[in-house]
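# Structural description and commentary
What follows is each chain in one-letter form.
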Amino acid sequence: MALRESFAIGNVRVRAGATKEVELPITRLVTGGDVSLPVRVVHGRDEGPTVWVNAAIHGDEVMGVEVIRQALATLSARSFRGTLLAVPVVNVLGFMTGDRYLPDRRDLNRQFPGSARGSLASRIAHLFMTEVVSKCDVGLDLHTASDRRTNLPQIRADLDDPRTRTLAEAFGAPVMLHARLRDGSLRQAGRDHGAAVLLYEAGEALRFEEEPIAVGVAGVRRVLASLGMIDADPGDDATPPPVECRTSAWVRARGTGILHLEVRLGEYVEEGRRLGGLSDTFGRRVRLVHADRSGIVIGLTRAPIVNAGDALVHIATPVSE
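This text gives an overview of the structure that appears in the document. (Residues numbered from 1 in each chain as written. Predicted model: local features only at pLDDT ≥ 70, side-chain atom pairs only at ≥ 80, totals over all residues. Heavy atoms only, no water.)

## Here's the deal with the overall build of the chain
Basically, it comes down to this: The way it works is that DSSP assigns letters per residue, a run of H or I at least four long becomes a helix, a run of E at least two long becomes a strand, and they are numbered from the N terminus. We compute the radius of gyration over the C-alpha atoms and compare it with the globule rule, which gives 2.2 Å times the number of residues raised to the power 0.38. Relative accessibility thresholds used throughout: buried, under 20% of the residue-type maximum; exposed, over 50%; partly exposed, between the two (1.4 Å probe, protein chains only).
A count of helices and strands for the chain gives six helices and 18 strands. Computed over C-alpha atoms, the radius of gyration of the chain comes to 21 Å, within 12% of the 20 Å expected from 2.2 N^0.38 for 321 residues, which places it in the range of a compact globule. Counting only C-alpha atoms and orienting by the principal axes, one finds that the chain spans roughly 75 × 50 × 30 Å. Within the span of the chain, comprising 321 residues, buried residues form 54% of the whole.

As structure tokens, this is what we get:
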């Protein structure tokens, strides 16, 4: 049987049944050094879908880098069906400095699909769209919470699209949240290009956490298995289905003080339940924090000092309610 055709990316071709790392040029530093977008291509021997998985669009969101590392360690191009493009770090410049944004302070996840002649952020977005997204049927975009917040492992996606919903269910995170598309985001640009895109949110910025990483690795593998690209892992059938949520909102501080929370990620809370309280610097309680709806806690602030209006607890409402 004839082998599949080689896979073209950048100025190289990857033969069927092989894995190859490719560096796609981004820019040059003032010192003269080159900055490139690293991509690992797993080009299976047999036909199948083409999927991308990326992390660190925000340079401080490092958890997904470890998810991709561990997931890649389990894959062999010789037994793989289809092609995987793994991009562990998209915002290379922000990643090197631990910064969410690019040096020009632009949010890369608001610059897609980008432009070959635009800002640095726009050029990176254009490169990613041209060399990665344009070749793929499915995308997995890995994120963590923003600075001083943490997220329960969850999938955010367009659950009204049947193909995307099937993949979200296959991923198997504790919660799948129907989320609108944001202008300039990778998820929107990928969808406009015809790809089904899942956004995985879990954990905190600048940290490796065992549970979010494990859920992410297992989820990536389950999506690949659902697409027929790898064999399913033993025990996947025992994974409980995700809880579907259609709406979510943050409970916000109604005063200023030092925060003491009394809830955990993944906990179900009833409307009106006490979530914590605010105290002054001498420990006097100045305000209580209560749930304004029933649902699952999918996000928490990690900031001990809060001002009136700050987001404290993110609650998602299951569809059964």
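## Section: the pattern of salt bridges
We apply this condition: By definition here, a salt bridge exists when the distance from a side-chain nitrogen of Lys or Arg to a carboxyl oxygen of Asp or Glu is within 4 Å.
Evaluation of the coordinates by the stated rule reveals 23 salt bridges. One salt bridge connects Arg81 with Asp231, and the closest N-O pair in it is separated by 3.0 Å. Taken together, the residues span a long stretch of sequence, with Arg81 in strand S6 (residues 81-87) and Asp231 in the loop between helix H6 (210-226) and strand S11 (243-252) at a distance of 150 residues. Residue class for Arg81 comes out partly exposed when judged on its relative accessible area of 24%.

## Points about the pairing of S6
Formally: Pairing between two strands requires that DSSP report at least two bridges joining them. The path from the first strand over the helix to the second decides the hand: if it runs clockwise while the strands point away from the viewer, the crossover is right-handed.
In terms of burial, S6 is largely enclosed, as six of its seven residues are buried. The pairing of strand S4 (residues 34-43) with S6 spans four bridges and is antiparallel. The residue of S6 that forms the bridge with Val42 is Leu84. Both strand S5 (residues 46-55) and S6 contribute to a ladder of six bridges, which runs parallel. Counterpart to Thr50 in the pairing with S6 is Thr83. Note on the crossover from S5 through helix H1 (residues 63-72) to S6: the handedness is right-handed.

## Structural notes on the packing of H1 against H6
Basically, it comes down to this: In this description, a line fitted to the C-alpha atoms serves as the axis of each element, helices being fitted only across the stretch in contact, and the angle between N-to-C directions of two axes falls anywhere from 0 to 180 degrees. In these notes the angle categories are as follows: under 35 degrees is roughly parallel, over 145 is roughly antiparallel, 65 to 115 is roughly perpendicular, and the rest is oblique. A clockwise turn of the near helix away from the far one marks a right-handed crossing, whereas an anticlockwise turn of less than a right angle marks a left-handed crossing. It only takes one pair of heavy atoms within 4.5 Å for two residues to be counted as in contact. All residues other than Ala, Val, Leu, Ile, Met, Phe, Trp, Tyr, Cys, Pro, Asp, Glu, Lys and Arg, Gly among them, are scored as polar; the first ten of these are nonpolar and the last four charged.
Here H1 crosses H6 at 50°, and the two axes come no closer than 9 Å. By the angle between their axes, H1 is oblique relative to H6. Handedness of the H1/H6 crossing: right-handed. Side by side, H1 and H6 meet where Met63, Glu66, Val67, Gln70 and Ala71 of the first sit next to Pro212, Ile213, Gly216, Val217 and Val220 of the second. Of the residues contributing to the contact of H1 with H6, the split by class is seven nonpolar, two polar and one charged.

## Examining the nonpolar core
Note the cut-off: Buried Ala, Val, Leu, Ile, Met, Phe, Trp, Tyr and Cys residues that are joined via side-chain atoms within 4.5 Å together make up what is termed a nonpolar core.
Residues Trp52 and Phe128 are the most contacted members of the largest nonpolar core, which totals 74 residues. No other element matches H6, which puts seven residues into this core. Excluding its chain neighbours within four sequence positions, the residues that come into contact with Phe128 are Leu37, Trp52, Asn54, Val87, Val90, Phe112, Val133 and Leu186. Counting residues in hydrophobic clusters, the runner-up holds 15 residues, among them Ala253, Leu259, Val297 and Leu300.

## Overview of the sheet that holds strand S17 (residues 305-306)
Spatially, S15-S14-S12-S17 is the arrangement adopted by the four strands of the open sheet, whose pairing is antiparallel. Only two strands of the sheet have a single neighbouring strand rather than two, namely strand S15 (285-290) and S17. Note: strand S12 (residues 257-261) against strand S14 (residues 274-279), four bridges, orientation antiparallel. Paired with Leu259 across the two strands is Leu278, which belongs to S14.

## So, the layout of surface pockets
Worth spelling out the cut-off: The way it works is a 1 Å grid over only the protein atoms, where trapped points that fit a 1.4 Å probe form a cavity and open points with protein on both sides within 12 Å along at least five of seven lines form a pocket, and then any residue with an atom within 4 Å of a point lines it. Grid points are joined across faces, edges and corners, and a volume is the space filled by probe spheres set on the points.
When its volume is computed, the largest pocket comes out at roughly 710 Å³. Considering the residues around the largest pocket, the lining is formed by 27 residues, among which Arg110, Arg156, Arg182, Glu201 and His314 are closest to the centre. It is S11 that contributes the most residues to the lining of the largest pocket, five residues altogether. The residue makeup of the lining of the largest pocket, split by class, is six nonpolar, eleven polar and ten charged. Space inside the second largest pocket adds up to approximately 210 Å³. Taken together, the residues that form the lining of the second largest pocket break down as five nonpolar, two polar and four charged.

## Description of unusual backbone geometry
Residue Pro113 follows Phe112 across a cis peptide bond; omega there is 5°. Residue placement: Pro113 occurs in the loop between helix H2 (92-97) and helix H3 (120-131). The residue Ala56 is not glycine, and still its phi comes out positive at about 55°. Along the chain, Ala56 turns up in the loop between S5 and H1. Backbone geometry at Arg105 places phi at a positive 70°, although glycine is not the residue there. Tracing the sequence through the fold places Arg105 in the loop between H2 and H3.

## A word on the packing of aromatic side chains
Using the following cut-off: For this analysis, a ring pair means two rings from Phe, Tyr or Trp (six-membered ring only for Trp) whose centres lie within 6.5 Å, classed as stacked if their planes differ by under 30 degrees, edge-to-face if by over 60, and tilted for the remaining angles. Cation placement over rings: the criterion is NZ of Lys or CZ of Arg within 6 Å of the ring centroid and within 35° of the ring normal.
What the rule picks out here adds up to three aromatic pairs. A ring pair is formed by Trp52 and Phe128, whose centres lie 6.3 Å apart and whose planes are at 85°; its orientation type is edge-to-face. Separated by 76 residues along the polypeptide, Trp52 in strand S5 and Phe128 in helix H3 bring together distant segments of the chain. Phe128 matches Trp52 in its accessibility class, with the two residues each being buried. Considering the side-chain rings of Phe112 and Phe128, the 6.3 Å spacing of their centres and the 80° angle between planes classify their relative orientation as edge-to-face. Of this pair, Phe112 sits in the loop between H2 and H3 while Phe128 sits in helix H3, and the two are 16 residues apart along the sequence. Within the aromatic cluster, the residues linked to one another by ring pairs are Trp52, Phe112 and Phe128. Seen from the ring of Trp250, Arg149 lies directly overhead, with NZ or CZ sitting 4.5 Å from the centre.

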